[in-house]
Amino acid sequence: MSTHDIPGKKVAFLLTDGVEQIELTSPWNAVKEAGGVPTLVSPKTGTLQGFDGLDKGETFSVDLAVGDAKAEDFDALVLPGGVVNADFLRVDKDAQQFTRAFFEQHKPVASICHGPWLLIEAGVVSGRDVTSYHTLATDLRNAGANWSDEEVVVDQGLVTSRNPGDLDAFNDKLLEEIAEGPHEGQTA
């Protein structure tokens, strides 16, 4: 249980089919338990297919199309992983713009596993301290990020973690950053 309560804080979760479902459900539940209001944002509407590794898992209902979503309506952004999810999202122009807007507004962003692929495409990782699933290390370094193999890395409102094994630390830092609010150093 977190010591960071975030009553009424609105948190966008940006994802699509192929999301690693525990990387959605664990932070989603942490946000709800801390008093926050999570919203599932996606390039597609209807329902999304979650995965547990390579196996199909649960489905999740989309609350808001990313093309209609505005960063100013939210206090923070969470980017769950999953290879397929992250690969689809990183080439979606609306997802890129939505993500970049959180950095421009200095708001907390948390990304786990393959989620940081979208951060590269949004142009927001240069000079930032990050971690991710190990297979993204070269991509992130090539985009100018300072990548390290740690369970959670926090850089002025940007929270990143490697995999589902890091979720406890990821969720705790996510809630801490939301509770702290905007960071001037959190910028595109």
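Criteria and cut-off values
- Residues numbered from 1 in each chain as written.
- Predicted model: local features only at pLDDT ≥ 70, side-chain atom pairs only at ≥ 80, totals over all residues.
- Heavy atoms only, no water.
- Core = buried A, V, L, I, M, F, W, Y, C linked by side-chain atoms within 4.5 Å.
- Buried < 20%, exposed > 50% of the residue type's maximum accessible area, 1.4 Å probe, protein only.
- Helix = DSSP H or I, 4+ residues; strand = E, 2+ residues; numbered from the N terminus.
- Contact = heavy atoms within 4.5 Å.
- Polar contact = N/O pair within 3.5 Å; in protein donor to acceptor, adjacent residues only side chain to side chain.
- Salt bridge = Lys/Arg side-chain N within 4 Å of Asp/Glu carboxyl O.
- Phe/Tyr/Trp six-rings, centres within 6.5 Å; stacked < 30°, edge-to-face > 60°.
- Lys NZ or Arg CZ within 6 Å of the ring centre and 35° of its normal.

**Observations concerning the nonpolar core**
Phase 1 of the analysis: Counting 30 residues, the largest nonpolar core has Leu14, Val41, Leu77, Phe98, Phe102, Val109 and Leu119 as the members making the most contacts within it.
Phase 2 of the analysis: Looking at this core, the element that brings in the most residues is helix α3 (residues 93–104), giving five residues.
Phase 3 of the analysis: Ignoring anything within four residues of it in the chain, the contact list for Phe102 reads Ala12, Ala71, Phe74, Ala76, Leu77, Lys107, Pro108 and Val109.
Phase 4 of the analysis: Counting residues in each nonpolar core, the second largest holds 27 residues, with Leu24, Val31, Leu40 and Val152 among its members.

**With respect to the environment of Asn146**
Phase 1 of the analysis: Structurally, the position occupied by Asn146 is in strand β10 (residues 146–147).
Phase 2 of the analysis: Between the alpha carbons of Asn146 and Gly127 there is a distance of 6.4 Å; along the sequence they are 19 residues apart.
Phase 3 of the analysis: Other than its neighbours up to four places away in sequence, Asn146 contacts Gly127, Arg128, Asp129 and Val130.
Phase 4 of the analysis: Of note is the side chain of Asn146, whose polar atom sits 3.1 Å from the side chain of Asp129.

**Observations concerning the pattern of salt bridges**
Phase 1 of the analysis: The full count for this structure, using the stated rule, is seven salt bridges.
Phase 2 of the analysis: Between Arg100 and Glu104 there is a salt bridge; the shortest N-O distance is 3.2 Å. Of this pair, Arg100 and Glu104 are both found in helix α3, four residues apart, which corresponds to roughly one turn of the helix.
Phase 3 of the analysis: Here Arg162 makes a salt bridge to Asp166, at a shortest N to O gap of 2.9 Å.
Phase 4 of the analysis: Counted as one network, the salt bridges with shared partners bring together Asp149, Arg162 and Asp166.

**Some words on the packing of aromatic side chains**
Phase 1 of the analysis: This structure, assessed with the given rule, holds three aromatic pairs.
Phase 2 of the analysis: For the ring pair Phe74 and Phe98, a centre distance of 6.1 Å and an interplane angle of 90 degrees mean the geometry is edge-to-face. With a gap of 24 residues between them, Phe74 in the loop between β6 (64–65) and β7 (76–79) and Phe98 in helix α3 connect regions that are remote in the sequence. Comparing Phe74 with Phe98 shows no difference in burial state: the two are buried.
Phase 3 of the analysis: The structure contains a cluster of three or more aromatic residues connected by ring pairs, namely Phe74, Phe98 and Phe102.
Phase 4 of the analysis: Lying over the aromatic face of Trp117, Arg90 brings its terminal NZ or CZ to 4.0 Å of the ring centre.

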